[in-house]
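Architecture at a glance
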4 protein chains.
Amino acid sequence: MQIGLVGLGKMGGNMRERLRNAGHEVVGYDTNPELSDVKNLVELADQLAAPRAVWVMVPAGGPTQRVIDQLASVLKPGDIVIDGGNSRWTDDEKHAEELGKRGIGFVDAGVSGGVWGLEHGYALMVGGAEEHVERLKPVFDALKPEGPYGYVHAGKVGAGHFSKMVHNGIEYAMMQAYAEGWELLEKVDSVDNVREVFRSWQQGTVIRSWLLDLAVNALDEDQHLDKLRGYAEDSGEGRWTVEAAIDNAVPLPAITASLFARFASRQDDSPQMKMIAALRNQFGGHAVEAAKK
Amino acid sequence: MQIGLVGLGKMGGNMRERLRNAGHEVVGYDTNPELSDVKNLVELADQLAAPRAVWVMVPAGGPTQRVIDQLASVLKPGDIVIDGGNSRWTDDEKHAEELGKRGIGFVDAGVSGGVWGLEHGYALMVGGAEEHVERLKPVFDALKPEGPYGYVHAGKVGAGHFSKMVHNGIEYAMMQAYAEGWELLEKVDSVDNVREVFRSWQQGTVIRSWLLDLAVNALDEDQHLDKLRGYAEDSGEGRWTVEAAIDNAVPLPAITASLFARFASRQDDSPQMKMIAALRNQFGGHAVEAAKK
Amino acid sequence: MQIGLVGLGKMGGNMRERLRNAGHEVVGYDTNPELSDVKNLVELADQLAAPRAVWVMVPAGGPTQRVIDQLASVLKPGDIVIDGGNSRWTDDEKHAEELGKRGIGFVDAGVSGGVWGLEHGYALMVGGAEEHVERLKPVFDALKPEGPYGYVHAGKVGAGHFSKMVHNGIEYAMMQAYAEGWELLEKVDSVDNVREVFRSWQQGTVIRSWLLDLAVNALDEDQHLDKLRGYAEDSGEGRWTVEAAIDNAVPLPAITASLFARFASRQDDSPQMKMIAALRNQFGGHAVEAAKK
Amino acid sequence: MQIGLVGLGKMGGNMRERLRNAGHEVVGYDTNPELSDVKNLVELADQLAAPRAVWVMVPAGGPTQRVIDQLASVLKPGDIVIDGGNSRWTDDEKHAEELGKRGIGFVDAGVSGGVWGLEHGYALMVGGAEEHVERLKPVFDALKPEGPYGYVHAGKVGAGHFSKMVHNGIEYAMMQAYAEGWELLEKVDSVDNVREVFRSWQQGTVIRSWLLDLAVNALDEDQHLDKLRGYAEDSGEGRWTVEAAIDNAVPLPAITASLFARFASRQDDSPQMKMIAALRNQFGGHAVEAAKK
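Chains are numbered independently. Their residues run from 1 in the order of the written sequence. The naming scheme follows written order: chains are lettered A onward, ligands numbered 1 onward. Given that this is a predicted model, residues contribute local features only at a pLDDT of at least 70 and side-chain atom pairs are listed and counted only at 80 or more, while totals for whole chains, interfaces and linings are drawn from all residues. With hydrogens and water stripped out, all remaining heavy atoms of the structure feed into the side-chain values.

**Observations regarding the interface of chain B and chain A**
Contacts are assigned to residue pairs that have any heavy atoms within 4.5 Å of one another. Facing the 69 residues of chain B at the interface are 69 residues of chain A. The term buried area denotes the loss of accessible surface (1.4 Å probe radius) that occurs when two parts are joined, taken as the sum for both partners. Taken together, the two surfaces of chain B and chain A that pack against each other cover about 5700 Å², and 68% of this comes from carbon and sulfur. Contact with chain A buries area across many residues of chain B, yet B:L184, B:Q203 and B:V206 alone supply 12% of it, more than any other trio. Salt bridge criterion: a side-chain nitrogen from Lys or Arg within 4 Å of a carboxyl oxygen from Asp or Glu. Remark: the boundary between chain B and chain A carries 2 salt bridges. A salt bridge links A:D192 to B:K156, with the nearest nitrogen and oxygen atoms 3.2 Å apart. The term polar contact refers here to a pair of N or O atoms within 3.5 Å; inside protein, the definition further demands a hydrogen-donor-capable atom paired with an acceptor-capable atom, and it admits residues adjacent in sequence only when both atoms are side-chain atoms. Where chain B packs against chain A, one counts 22 residue pairs in polar contact (both at pLDDT 80 or more). Elements represented by at least two residues in the side of chain B that touches chain A include exactly β6 (123–127), β7 (151–155), α8 (159–187), α9 (194–200), α10 (210–221), α11 (237–247) and α12 (253–265) of chain B. Secondary structure follows DSSP: runs of H or I at least 4 residues long count as helices, runs of E at least 2 residues long count as strands, and numbering of each begins at the N terminus.

**Comments concerning the nonpolar core**
Side-chain atoms within 4.5 Å are what join buried Ala, Val, Leu, Ile, Met, Phe, Trp, Tyr and Cys residues into a set we call a nonpolar core. Relative accessibility thresholds used throughout: buried, under 20% of the residue-type maximum; exposed, over 50%; partly exposed, between the two (1.4 Å probe, protein chains only). Among the nonpolar cores identified, the biggest contains 237 residues, and A:F198, B:F198, C:F198 and D:F198 are the most heavily contacted of them. Those residues in contact with B:F198, other than ones at most four positions away along the chain, are B:Y178, B:W182, B:L185, B:L212, B:A215, B:V216, B:L219 and C:M275.

**Concerning the domain arrangement of chain A**
Residue and element names in this part refer to chain A. Each domain's extent was defined by an automatic or database domain assignment. Structurally, chain A comprises domain 1 (2–157) and domain 2 (164–284). Domain 1 and domain 2 are separated by 33 Å when their C-alpha centres are compared. Across the boundary between the two partners, domain 1 contributes 9 residues, which contact 9 residues of domain 2. Here domain 1 and domain 2 share an interface that buries about 820 Å² over both sides, 66% of which is from carbon and sulfur atoms. For domain 1, the biggest contributors to the area lost against domain 2 are R88, W89 and W116; these three give 55% of the whole. In this structure, the connection of domain 1 to domain 2 is made through 1 salt bridge. One salt bridge connects E243 with R88, and the closest N-O pair in it is separated by 2.7 Å. Between the two partners, domain 1 and domain 2, sit 1 residue pair in polar contact (both at pLDDT 80 or more). Charged residues are taken to be Asp, Glu, Lys and Arg, nonpolar residues to be Ala, Val, Leu, Ile, Met, Phe, Trp, Tyr, Cys and Pro, and polar residues to be all remaining types, Gly included. Grouping the amino acids of the side of domain 1 that touches domain 2 by side-chain chemistry returns 4 nonpolar, 4 polar and 1 charged.

**Topic: the packing of helix α13 (residues 271–284) of chain A against helix α12 (residues 253–265) of chain D**
Fitted lines through C-alpha atoms give the axes, limited to the stretch in contact for helices. The angle between two N-to-C directions lies from 0 to 180 degrees. Orientation of α13(A) relative to α12(D), taken along the N-to-C sense of each, is 100°, at an axis distance of 11 Å. Of the possible angle classes, the one that applies to α13(A) and α12(D) is roughly perpendicular. Here A:M273, A:I276 and A:R280 of α13(A) come into contact with α12(D), specifically with D:A261, D:R262 and D:S265. For classification, angles of less than 35 degrees are called roughly parallel, those exceeding 145 degrees roughly antiparallel, those between 65 and 115 degrees roughly perpendicular, and all remaining angles oblique.

**Regarding unusual backbone geometry**
Of note, the amide linkage connecting A:A50 to A:P51 takes the cis form, showing an omega dihedral of -10°. By the secondary structure assignment, A:P51 is in the loop between α2 (41–47) and β3 (53–56). Although it is not a glycine, C:L225 adopts a positive phi angle of roughly 55°. Locating C:L225 in the fold gives a position in the loop between α10 (210–221) and α11 (237–247). Using a relative accessible area of 1% as the deciding quantity, one classes C:L225 as buried. Of note in the backbone geometry, D:A249 takes a positive phi value of approximately 55° without being a glycine. Considering the arrangement of structural elements, one finds D:A249 in the loop between α11 (237–247) and α12.

**Comments concerning the interface of chain A and chain D**
With 54 residues of chain A in contact, the opposing surface of chain D contributes 54 residues. In total, chain A and chain D occlude about 5100 Å² of area from one another, counting both sides; carbon and sulfur atoms represent 62% of this. At the boundary of chain A with chain D, the tally comes to 2 salt bridges. Where D:R229 meets A:E289, a salt bridge forms, and the shortest distance between an N and an O atom there is 2.9 Å. Inspection of the region where chain A meets chain D yields 21 residue pairs in polar contact (both at pLDDT 80 or more). Elements with a minimum of two residues in the side of chain A that touches chain D: α8 (159–187), α10 (210–221), α12 (253–265) and α13 of chain A.

Structure (structure tokens):
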């Protein structure tokens with residue numbers, strides 16, 4: 001089928017390629033003219049036969065909002081916009097309402113797969129009305145991995161991004177689990193070769209997983225991770241997961257601990273631990289260390 | 001090769017079968033005469049040609065200690081004892097020393113695989129001297145899963161159980177990760193079918209794993225887990241992991257949160273939350289609820 | 001000085017009394033005519049000489065918004081509205097802007113003191129412009145405790161509620177600290193009388209505090225808190241504290257753990273622990289318990 | 001009354017002074033002859049009339065064990081040894097048994113007060129048999145703060161150190177509570193003066209405490225704690241508290257989070273966060289930072 005694709009960066013560009021490999025006709029637009037198939041969104045709409053489907057794959061927040069605003073004015077009743085970016089699920093209902101006023105459908109798609117997606121397919125979690133989702137099925141089929149899994153129509157508008165967000169929250173805690181175990185193994189004398197312990201876990205254990213495979217890859221490149229700084233960004237979904245948990249009074253101790261570990265990893269010195277040091281000094285006369293210059 | 005096997009319960013019995021299927025000659029002993037191949041450990045030792053190897057597969061702590069004490073008196077210099085139970089790594093050095101005084105070798109083996117091991121093999125994490133481990137290689141090869149992984153000589157005596165213990169600590173936090181995500185998804189209205197979201201994650205996602213597959217199995221049996229109580233035992237390794245972390249000043253926030261969640265799951269009412277309720281009542285006049293009868 | 005006071009519930013009623021005891025002229029309004037000094041907000045405004053000051057003491061969110069909307073239409077340029085309720089700091093800027101358009105000043109006041117405030121005074125954390133705060137000084141002086149502390153002009157609009165919110169976050173973790181310690185002491189055999197241990201801590205220790213005094217009061221009423229259920233509400237500020245921390249990438253492990261403990265205390269059964277139980281059953285054949293009816 | 005005192009460091013020296021100020025006759029021994037009243041423990045025993053009481057105030061573990069071993073040989077049946085050091089409660093039963101074989105009594109005393117104890121008194125948590133504790137009452141009365149609190153006979157041998165250990169665990173989490181709140185307040189723009197917010201909290205709030213007073217002192221010396229490094233030792237009791245909780249299956253999320261925050265504060269770089277960074281790089285191509293040199 002025909003599909004418009006807005007945003008041809010690392011993710012969007014690979015998705016265009018995977019869609020074309022599957023025989024779909026993709027009209028791509030990007031602000032970078034070297035990547036773009038068309039000059040602007042008006043031209044993109046012109047090149048697609050109605051009813052159109054336009055997949056938006058740009059950064060969450062302002063950029064996605066701007067593209068959706070523009071699409072609202074160039075698309076027609078009966079068309080569908082898919083937001084495949086990392087938008088917060090709370091934006092989805094807003095977008096669905098804005099577009100719905102003009103008769104334009106809206107579907108949100110949480111997309112997992114990163115740099116591996118072009119080759120192996122992208123896991124898709126989709127939210128929206130049955131009729132919209134049904135019409136996009138050929139696109140989802142082309143993007144998803146081969147095999148029985150990797151795609152779900154999770155529920156109403158917002159359910160796709162919500163499911164993807166929770167996926168990332170789980171991912172945070174799984175990564176933290178391996179990371180904590182790795183640090184502890186590296187710390188003790190009796191274990192000679194932590195990398196080989198990790199490698200062995202890839203079969204027959206309860207904790208075998210794709211992330212474990214990646215951990216082994218990483219240790220093969222740098223056995224003790226000496227070249228890296230223990231510094232980790234967080235991408236939004238982890239924060240939103242905790243916020244959603246708070247809204248719903250759900251305790252998420254492991255996921256939240258994982259998020260906080262990332263926050264702490266980015267601090268050169270910890271203000272709160274300065275206060276701990278100061279208090280220890282006040283009541284016990286415990287020595288303090290001077291601030292790092 | 002020939003091997004003695006002490007303890008023929010669920011795990012030991014299956015291991016005897018897997019070893020025999022691989023062509024090894026197993027002499028098994030169990031206190032239950034219906035399971036046992038011999039009357040006692042003396043007979044077990046008699047039926048094995050020197051140098052002997054005897055695998056101990058009984059509950060950690062007292063039972064393992066008693067078997068090792070008895071083996072110390074019936075085995076001869078040059079023989080090897082393998083402790084394949086869930087012993088704490090700190091016991092291993094003690095056992096190695098006790099047996100070493102009599103010239104008997106000691107190897108510790110952390111074993112993962114549970115009810116799936118007979119068919120798919122047991123992941124093995126082994127600690128001990130190179131010469132002892134080398135001699136037992138045919139046994140390890142028969143027990144481990146087919147394929148390149150599932151076995152590691154992790155280091156000195158104790159390293160096998162230590163690695164297995166950390167494996168279990170990681171397992172706790174991974175289970176907690178999926179569990180937290182599942183509860184949050186079940187709580188929100190927009191997601192219609194959490195089971196199908198979990199199922200879809202089995203391909204193309206960052207969080208695909210064997211535990212995820214098991215979660216899908218569980219949800220196929222009982223979609224909202226309505227039949228279960230949220231009650232979870234802990235088996236020792238999780239506690240030991242946190243204790244080892246404390247000994248080594250390694251922060252383990254996610255693994256520890258997972259352990260504490262299990263402790264809390266077993267309380268009918270939470271004493272600490274009684275104190276929170278009492279304090280809120282004291283300073284704010286907030287209503288309290290009467291204790292459950 | 002003259003002051004209007006909207007909301008004469010438990011808190012507002014006591015504050016009216018404390019202000020009158022200090023010689024101020026308070027015109028109170030409440031939707032309950034038995035508590036109210038005037039029929040409506042128009043009459044309240046009429047009875048105050050310009051420039052007026054009106055203190056709003058109603059529940060956060062909708063009720064506060066509605067009162068502020070009404071005051072916006074009955075007050076005049078030069079008047080000041082004070083929001084002394086438990087509003088989220090993010091509401092303050094909005095209220096300041098709405099009122100500012102009509103020349104009406106806005107000050108936010110975080111108020112601590114609960115049922116003890118009438119007698120001992122209310123701790124006040126105030127945010128707003130220097131000129132507004134200065135004009136209200138006599139009111140703050142009457143409400144605050146005697147002595148050098150208990151009042152701060154914390155910063156710009158919003159700073160009062162933000163400071164109060166953090167106060168409550170700290171409160172959550174302090175309560176949790178005592179509660180955890182109490183549960184552990186109650187659990188061990190060697191300690192005969194936990195209540196007397198708590199009582200003894202009231203002098204000479206590092207952890208003496210007003211909350212500790214309250215804990216002793218509570219234990220004097222019910223030595224083992226047998227009469228209470230371990231059930232604790234949370235009032236909003238704890239959640240907002242964690243959300244503010246997430247917005248600012250500040251790790252708050254102890255405060256967040258305290259919030260999550262309250263969430264968990266309100267669950268009859270834990271959905272996430274059902275998943276843990278289900279997974280244990282899947283891989284290890286561990287027994288599960290049936291759901292409580 | 002007469003009392004022997006072994007260990008005249010910062011704590012022991014001040015305690016000798018406080019005891020003498022109260023009219024007691026103290027015979028002090030220290031390995032440093034400049035501090036010591038007697039040449040050795042034999043002389044110490046000689047100078048005390050039977051039945052003797054000897055207070056041991058030396059570092060926990062080996063040093064305490066050695067002093068108790070020596071006292072076992074110089075003291076007589078009917079004498080009492082008090083361990084006032086920071087011993088682990090599990091040592092107490094052992095010491096009581098060793099001394100008990102020779103008819104010597106044993107009492108454990110957890111002591112709080114630090115550098116403030118000489119002037120304000122030491123809070124004492126005592127474990128042991130009623131008859132032994134009763135005989136030492138005059139000593140406890142002299143050491144404790146004036147007023148109704150600051151002393152408790154908590155229970156059997158071990159109960160004193162156990163109570164003191166839990167006191168310290170609570171202390172960890174209370175310090176963490178203030179520290180987290182302080183960091184968050186320092187981070188936001190609207191709050192101009194965090195120190196003054198802390199100062200104001202000293203009256204009328206739920207969170208007023210001695211630790212809060214100390215925090216204000218610390219901020220008066222260094223308003224933003226710029227001179228300090230966020231580095232905090234832990235002294236043993238925090239670790240033991242978590243270990244005791246694990247032994248008793250009591251969840252301690254806030255106290256444990258506080259302990260882990262200290263562990264993390266002492267790491268120049270976080271090994272576990274290296275693994276997180278490595279995994280993010282593997283699956284998402286996320287940039288990593290080079291290790292700090």
